[in-house]
Amino acid sequence: AGWLTSFHARNNEDSSSNEDDDDETDRKLKAINRCNWLTSPSRDDKLDFLNTISEDKDKLLQMLLWDIGFDFKLHPYQFEAARFVAGFESSFPLKKQAGANDDSSSSDDEDKAEDEAVREMMQFDEIGRFARTNSLHARQLKDRGMLLADEMGLGKTIE
C-alpha cells in the first residue's frame, strides 16, 4: 500500500505521468489481484481448511497470510511460531489477548469496537480482506530479527 500512496503523491505533485509509472502500477495491481484467494479456484478448499482451525486469531492470521499472497496452509503448531518470527504478540491479529479478564484495562466501548473489528475481519469478501490487511499495517512490531530453531521437518521454511 505504501507504493500506491507514493504513486498518488507523485501524481498529485506532477500531473504528467510517464508510461513507465503506469506500466509499473498496472503490474503491481495485477500482482495484488493474483493474490486474491477470495476469487481464486482454490477458494472452497481454503474455506474448508479454515473450518478445521479452532481459534479465531489463527483463522484470521491464515486469511491474512493468504491476503498478502502467502499460499501455504499453516499447521496448528506453526501459528505461534509465525507470530514469533514476525515479531507480533501472541494475540495478533486481535488487539487483546483472548480470555483476558482484566476489566479495568478496557471499557465496554473498547470491547464492542474489538468485537466489531473481529466480525469485519472474519468476512470472506473485500471488506474482510481490507480489515485484515489494515490490522497488519496498524500494528507496530514489538521485536525484529527473531531466530527460530526447531527440529527438522516441522515447517521452518514456511514460518
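This text goes with the structure placed above it.
Residues numbered from 1 in each chain as written. Predicted model: local features only at pLDDT ≥ 70, side-chain atom pairs only at ≥ 80, totals over all residues. Heavy atoms only, no water.

J.: Describe in detail the overall build of the protein chain, supporting the description with residues and values.
T.: Scanning the protein chain from terminus to terminus reveals seven helices and zero strands. Ordering the α and β elements of the protein chain from the N terminus gives α-α-α-α-α-α-α. Buried residues in the protein chain amount to 28% of all 159 residues. Surface accessibility of the protein chain: about 10,700 Å² in total, with carbon and sulfur atoms responsible for 51%. (Helix = DSSP H or I, 4+ residues; strand = E, 2+ residues; numbered from the N terminus. Buried < 20%, exposed > 50% of the residue type's maximum accessible area, 1.4 Å probe, protein only. Areas by Shrake-Rupley, 256 points an atom, 1.4 Å probe, with all protein chains shown as cover.)

J.: Tell me about the packing of helix α3 (residues 43-50) against helix α4 (residues 56-67), and name the residues and values.
T.: Put simply, α3 and α4 touch, their axes get as near as 10 Å, and they point 155 degrees apart. The angle between the axes of α3 and α4 places the two elements in the roughly antiparallel class. α3 and α4 meet at a crossing whose hand is right-handed. Residues K46, F49 and L50 of α3 lie in contact with α4, whose contacting residues are K59, Q62, M63 and W66. In terms of residue class, the contact of α3 with α4 is made up of four nonpolar, one polar and two charged. (Axes fitted to C-alpha atoms, helices over the stretch in contact; angles between N-to-C directions. Parallel < 35°, antiparallel > 145°, perpendicular 65-115°, else oblique. Left-handed = near helix turned anticlockwise from the far one by under 90°. Contact = heavy atoms within 4.5 Å. Nonpolar A, V, L, I, M, F, W, Y, C, P; charged D, E, K, R; others polar.)

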